[in-house]
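Now for the letters of each chain:
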Amino acid sequence: MPTDTLRLFFALPCQRDTAEAICTWRDGLGLGGKPVAAENLHLTLAFLGQQPSARLEELQLLAAAIEAPPFELRLDRLGGGRQGLLWLEPSRMPEELPALAGELQRRLLASGIALDTRPLRAHLTLVRHAGARPREAHPDFAWPVERFVLYASENTPRGVRYLGLGNWPLVPGLRLPRFRPPH
Ligand code: 2AM
């Protein structure tokens, strides 16, 4: 990994039990392509792209200042995009998710970090370059979301690796951040 910049994103990490259940279900569909490793399953909240390593501490402080409650995310829909991308997404968006992502994005923009201006499409990527899109698939995974993480993405000879650079709990009893669009 170069030391002067890092490819960063904030995400919800999928905890082990849920990730393993999702991978077992996915692998049974015979989709081909490049499946995402169980330890890499996540849902991106904000993608920062290449950032100077010197900003890391500022980003960690920014994340630590966010107060938000835990919630349950039910991944019950299979979605797909270009180049054989397949993902899981919720058919019903819990209000806590856009509130958390919006709060994070608003603070990042206020710190002068340029973010993708497209609205968040909450998804958990399962496979890239899939050879098939199943006609019949009825996923239903309940994911208790209890923390969010700052990751650096590194390319290694064995594939992409996400390195956790900070991990912040969502705290029961806290009120939702008031939803304000980031722009
Ligand atoms: P993907 O799974 O749909 O590719 C690490 O690469 C994470 O950041 C992935 O969740 C990826 O989404 C997301 N990501 C990569 N490039 C992005 C971009 N330009 N805008 C938003 N998210 C991005």
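These figures come from a predicted structure and were not determined experimentally.

Caption draft 1: Structural view of the site of the ligand. Taken together, R7, F9, H42, T44, F47, D116, H123, T125, R128 and Y162 are the residues near the ligand. For the ligand, a nitrogen atom lies 3.2 Å from a polar atom in the side chain of D116. Interatomic distance of 3.0 Å between a side-chain N/O atom of R128 and an oxygen atom of the ligand. Surface burial for the ligand is 72%, taken as the share of its 480 Å² of free accessible area covered by protein chains.

Caption draft 2: The sheet that holds strand β1 (residues 5-13), seen in detail. In spatial order, the strands read β3-β1-β9-β10; together these 4 strands make up an open sheet with antiparallel pairing. Because the sheet does not close on itself, it has two edges, and the strands there are β3 (42-52) and β10 (159-169). Pairwise comparison of adjacent strand axes, ignoring direction, gives a mean angle of 25° for this sheet. Relative to strand β9 (residues 147-156), β1 runs antiparallel, the two being bridged by 4 bridges. Directly across from F10, in β9, lies its bridge partner L150.

Caption draft 3: Representation of the pattern of salt bridges. On inspection of all chains with the given rule, the structure shows 10 salt bridges. The shortest N-O distance in the salt bridge between E103 and R107 comes to 2.8 Å. Taken together, the residues span about one helical turn, with E103 and R107 both in helix α3 (residues 96-110) at a distance of 4 residues. The buried category is assigned to E103, whose relative accessible area is 8%.

Caption draft 4: Geometry of the sheet that holds strand β6 (residues 86-89). The sheet built from 4 strands is open, its strands ordered β2-β7-β6-β5 with antiparallel pairing. Strand pairing shows two members of the sheet lacking a second neighbour, β2 (34-35) and β5 (77-80), which therefore form its edges. Against the sheet, helix α1 (residues 16-27) contacts β2, β5, β6 and β7 (124-128), and its axis sits at roughly 35° relative to β7.

Rules and cut-offs
- Residues numbered from 1 in each chain as written.
- Predicted model: local features only at pLDDT ≥ 70, side-chain atom pairs only at ≥ 80, totals over all residues.
- Heavy atoms only, no water.
- Near = heavy atom within 4 Å.
- Polar contact = N/O pair within 3.5 Å; in protein donor to acceptor, adjacent residues only side chain to side chain.
- Areas by Shrake-Rupley, 256 points an atom, 1.4 Å probe, with all protein chains shown as cover.
- Pairing = 2+ DSSP bridges.
- Helix = DSSP H or I, 4+ residues; strand = E, 2+ residues; numbered from the N terminus.
- Axes fitted to C-alpha atoms, helices over the stretch in contact; angles between N-to-C directions.
- Salt bridge = Lys/Arg side-chain N within 4 Å of Asp/Glu carboxyl O.
- Buried < 20%, exposed > 50% of the residue type's maximum accessible area, 1.4 Å probe, protein only.
- Contact = heavy atoms within 4.5 Å.

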